[in-house]
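Listed below are the residues making up each chain.
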Amino acid sequence: MKTSIVRIIGILTGVAAVLLIGSGRAFADPAGNGLGPMDPDEMRITFMGTSFLPRLSQEANSVFVECGEDGSFVFDCGSGVVSKYISMGVAYSQMDKIFLTHLHGDHMSDLMFIYLFGPSADRLTDLHVWGPTGPTEEDGITSFCQHLYEMTYWHRESFSFLPTGLKNGQDGYNLVPHDCSYEEAIQSILDGNGPPVAYDSNNVKISYFPMIHDRDGALAYKLEWRGLKMIFSGDSLPNNLMIDQAQDLDVLIHELTLSPEVWAQKNSGLTPDPNNPEWVEAVSKARLIQNCSHTPARAFGYILSRTNPRLGIATHFQNQSDTVGAVKEEISVFYPFSDSDDPARVLLATDCMVINVPVDKGQPIQWRQAIPDPYAFQTTAIFHSPDELADPKYPGNRDQFSPWLKDLIINPQVYDPSPSGDSGDYNGDGTSDIAVFRTTSGLWSIRGVTQFYFGSGAELPMPGDYNGDGRAEAAVYRGQSGLWAVRGLTRAYFGAPSDVPVARDYNGDGKTDLAVFRGSSGLWAIRGITRLYFGTAADIPVPGYYSGGRAEIALFRPATRLWSVRGLTRFYFGTTSSDLPVPGDYSGSGSWQAAIFPYSDGLWRIRGLTQITFGAYDDKPVPGKHGGGVDRVGIFRSGEGLWAVKGMTRVYHGNMDDLPVTR
């Protein structure tokens, strides 16, 4: 067997209850959580796809085999099966060893999805794929993987702002084909050496041998583990090599096809009529396909009678109420069985059927039908520490956009404005405090000062000095109702659902005033002071102390980078439409300067003063009087809870559910 590397990521959680079906050794899983925990002393076989024709009840072919704690293996992965793996609670990191019986689309098409999305989930290691060679180099698995790698360039590059691999050299986008030589298998068997071994590790041995399906190159696989033996046939005409290799088996999984007449009727919609040329042609076409490709039900019964496995399972056919009767009758011509057999001798596979095979052969093989969770999300089975991760190819997640495209991005402040409080000095010492508001619980946490609960995730925090005592009070604005609540002071209704809160001291009396901006009409409403129109829905409100003393009404228009301070000035300042406006008193003069924090490069630009690179994309800018006197550049990185104030401090306070509430 030849191996090459083509350089050419959970447990995915689903609430899968389990249904008791049939009789004999079927059982219900009381936990009902996907596949549930793995017994280290059993082999577990799950059918993720059981048809060549993908449909809602049955996806194309795939069998998932787990060998206690010694590894998991995917045999074929046809169209649609990834959804079953996800709904049954299997992680991408568990799908890292894939064995393809042949390269028909109903056996390999979901390999692309597994390969491409594993690295953005929890598989940051190489993907190994075993498969056949064939009459020409182009027939083989190495050529297939090389072309798969080449055709997926755009996807790989576009996801490479994430770490896709580990520092040890493993990488989720390494696609490693393993040639299972069809010719070597034939020669090895003719020489009396048995099937070649494709995999031998952790007590698991997987060998392969030729099958007869359309063209040279199709394989079957035999898995052996701690005395247990299982064969998966892939697709094939009935043949004597299968009978030779399937002796003394615990489980034989073999393909089976419906009759040509059933194929013709189901696929064409025609009524059987030997006098109808269209019907005759439909049957002829089905028979032409089956006669070089597949195993009829009666032939499967014959193979079972010659091999007598502990459990035989038929797959690769459309299992439904109007097809199974004839299938059972045909199998029983050579291998009589009954649904009431205890333990079961023959099963007709359906998607999400689970087989448990104990290592102790004194225990019966058990089977069950799992009900997958149709709303499952993927979760993660393997968490890698940051120290293990290789650096991503692209440092920033917007590095692959052209400047022109970046300029078209709508500034989030337009449709989801972040709260901008009027004060962050909670203890009156003249310095902005590091503080967060936890949207999940309403917790206010002010570092080194206090913690308390006030408000909820449905509200925007708007701290300010509402009573003029030189200290910031916690306050929230509930946009749905227009409710303002200032802790320990007042509750008032002022505003409407579409309004943006813009609390500032607009009359210079030292107290923060309740105020809103209604972008739909350009209305500014300052409670008890004034109502006026200034701006449009395309503007971001940036009220502030541009002339010192009292707050001025002001706007920033991202599309043109226009700043408008009512009654004072208009000017253009910025780089792209995604710039975040962060005005403040960066000079210490008592008057604010226009400033921006671009998403793209973390370069703060303060009008008339300086440019400072500090922070990265997704950091929240938090300028404030950290240290008193002058506003300083600072960021809050919610994913880490990191606060960083340039030239002063780096501390951790908060988490990803928190909003910074300082100024």
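What you see is a predicted model, and the numbers here were worked out from it, not measured in a lab. (Residues numbered from 1 in each chain as written. Predicted model: local features only at pLDDT ≥ 70, side-chain atom pairs only at ≥ 80, totals over all residues. Heavy atoms only, no water.)

Novice: How should the sheet that holds strand E29 (residues 540–541) be read in this particular structure?
Specialist: Sheets are built from strands paired through backbone hydrogen bonds, the pairs being either parallel or antiparallel. One open sheet holds the four strands; their spatial order is E29-E30-E31-E32, and the pairing between them is antiparallel. Two strands in the sheet have a free side with no partner beyond their single neighbour: E29 and strand E32 (569–572). As judged from the four bridges shared by strand E30 (residues 554–557) and strand E31 (residues 562–565), these two strands associate in the antiparallel manner. Along E31, the bridge assignment pairs Arg557 with Leu562. (Pairing = 2+ DSSP bridges. Helix = DSSP H or I, 4+ residues; strand = E, 2+ residues; numbered from the N terminus.)

Novice: Help me understand unusual backbone geometry, please; the structure alone is not making it clear to me.
Specialist: Generally, phi is negative for residues other than glycine and the peptide bonds are trans, each holding for most cases. With omega at 0°, the peptide bond leading from Asp342 into Pro343 counts as cis. The topology assignment puts Pro343 in the loop between helix H11 (324–332) and strand E15 (346–348). For Asn202, which is not glycine, the phi dihedral falls at a positive 50°. Summarising the element assignment, Asn202 is placed in the loop between strand E9 (197–201) and strand E10 (204–210). With a phi angle near 65°, Arg561 is a residue other than glycine that sits in the positive phi range. Take Arg561: it is sitting in the loop between E30 and E31.

Novice: What is the right way to read H11 from this model?
Specialist: Helical geometry: 3.6 residues make up each α-helical turn, so side chains three or four residues apart lie on a common side. Among the residues of H11, Val324, Val327 and Ile331 are the ones counted as buried. Taken down its axis, H11 places every buried residue within 60° of arc, on the same side. Its buried side turned inward, H11 meets helix H10 (297–307) and E15. (Buried < 20%, exposed > 50% of the residue type's maximum accessible area, 1.4 Å probe, protein only. Arc of directions from axis to C-beta. Contact = heavy atoms within 4.5 Å.)

Novice: Teacher, can you tell me more about helix H6 (residues 182–190) here?
Specialist: Of the residues making up H6, those classed as buried are Tyr182, Ala185 and Ser188. The arc that holds every buried residue of H6, seen down its axis, measures 130°, which confines them to one face. Of the residues flanking the end of H6, it is Gly192, one or two places downstream, whose phi is positive at about 85°.

Novice: Which parts of the structure should I look at to understand the packing of aromatic side chains?
Specialist: Each pair of aromatic rings is reported with the distance of its centres and the angle of its planes. Within this structure, the stated rule accounts for 25 aromatic pairs. When the centroid spacing of 4.4 Å and the interplanar angle of 25° are considered together, the rings of Phe113 and Phe117 count as stacked. With Phe113 and Phe117 both in helix H3 (residues 111–117) and four residues apart, this pair spans about one turn of that helix. A residue is classified by how much of its surface remains accessible, and Phe113, at 36% relative accessible area, is partly exposed. (Phe/Tyr/Trp six-rings, centres within 6.5 Å; stacked < 30°, edge-to-face > 60°.)

Novice: What is the right way to read the pattern of salt bridges from this model?
Specialist: For side chains bearing opposite charge, pairing can occur when the charged atoms are close. The tally for this structure, following the rule as stated, stands at 24 salt bridges. For Asp422, the salt bridge identified is with Arg504, shortest N-O distance 3.9 Å. Here Asp422, found in the loop between helix H13 (412–415) and strand E18 (435–438), pairs with Arg504, found in the loop between strand E25 (500–501) and strand E26 (515–518); they are 82 residues apart in sequence, far enough to count as distant. One salt bridge connects Asp469 with Arg471, and the closest N-O pair in it is separated by 3.6 Å. Take Asp469: its relative accessible area is 35%, and that puts it in the partly exposed class. Residue Arg471 is classed as partly exposed on the basis of its relative accessible area, which comes to 40%. Taken together, the shared-partner salt bridges connect Asp585, Lys625, Asp631 and Arg663 into one network. (Salt bridge = Lys/Arg side-chain N within 4 Å of Asp/Glu carboxyl O.)

Novice: Got a minute to help me understand the pairing of strand E8 (residues 175–180) in this structure?
Specialist: Side-chain positions along a regular strand alternate between the two faces of the sheet. In terms of residue burial, E8 counts as a mostly covered element, since six of its six residues are buried. Taking every second residue as pointing to the same face, both faces of E8 are buried, with Leu175, Pro177 and Asp179 on one and Val176, His178 and Cys180 on the other. Here strand E7 (residues 127–132) pairs with E8 via six bridges, running parallel. Considered in E8, the bridge of Trp130 is made with His178.

Novice: Sorry, what's going on with the side chain of Asp110 here?
Specialist: Inspection of the secondary structure puts Asp110 in the loop between helix H2 (105–108) and H3. Buried Asp110, no salt bridge; nearest opposite-charge side chain is Lys84, N-O distance 10 Å. Of the polar contacts made by the side chain of Asp110, one reaches the backbone nitrogen of Gly80; its length is 3.2 Å. Excluding anything up to four places from it in sequence, Asp110 contacts Cys77, Gly78, Ser79, Gly80, Val81 and Val82. (Lys, Arg positive; Asp, Glu negative; His and termini not counted. Polar contact = N/O pair within 3.5 Å; in protein donor to acceptor, adjacent residues only side chain to side chain.)

Novice: Please clarify how the sheet that holds strand E38 (residues 634–637) should be interpreted in this entry.
Specialist: Sheet architecture is open: four strands sit in the order E37-E38-E39-E40, paired in antiparallel fashion. The outermost strands of the open sheet, each flanked by one partner alone, are strand E37 (620–621) and strand E40 (649–652). Summarising the sheet, E38 and strand E39 (residues 642–645) pair through four bridges and their orientation is antiparallel. By the bridge assignment, Arg637 is partnered in E39 with Leu642.

Novice: So what exactly am I meant to see when it comes to the pairing of strand E27 (residues 523–526) here?
Specialist: Alternating residues of E27 divide into Leu523 and Ala525 and Trp524 and Ile526, and every residue in both groups is buried. Both E27 and strand E28 (residues 530–533) contribute to a ladder of four bridges, which runs antiparallel. Paired with Ile526 across the strands is Thr530, a residue of E28. Where E27 folds back on E28, the antiparallel hairpin that results is connected by three residues, among which Gly528 adopts a positive phi of roughly 80°.

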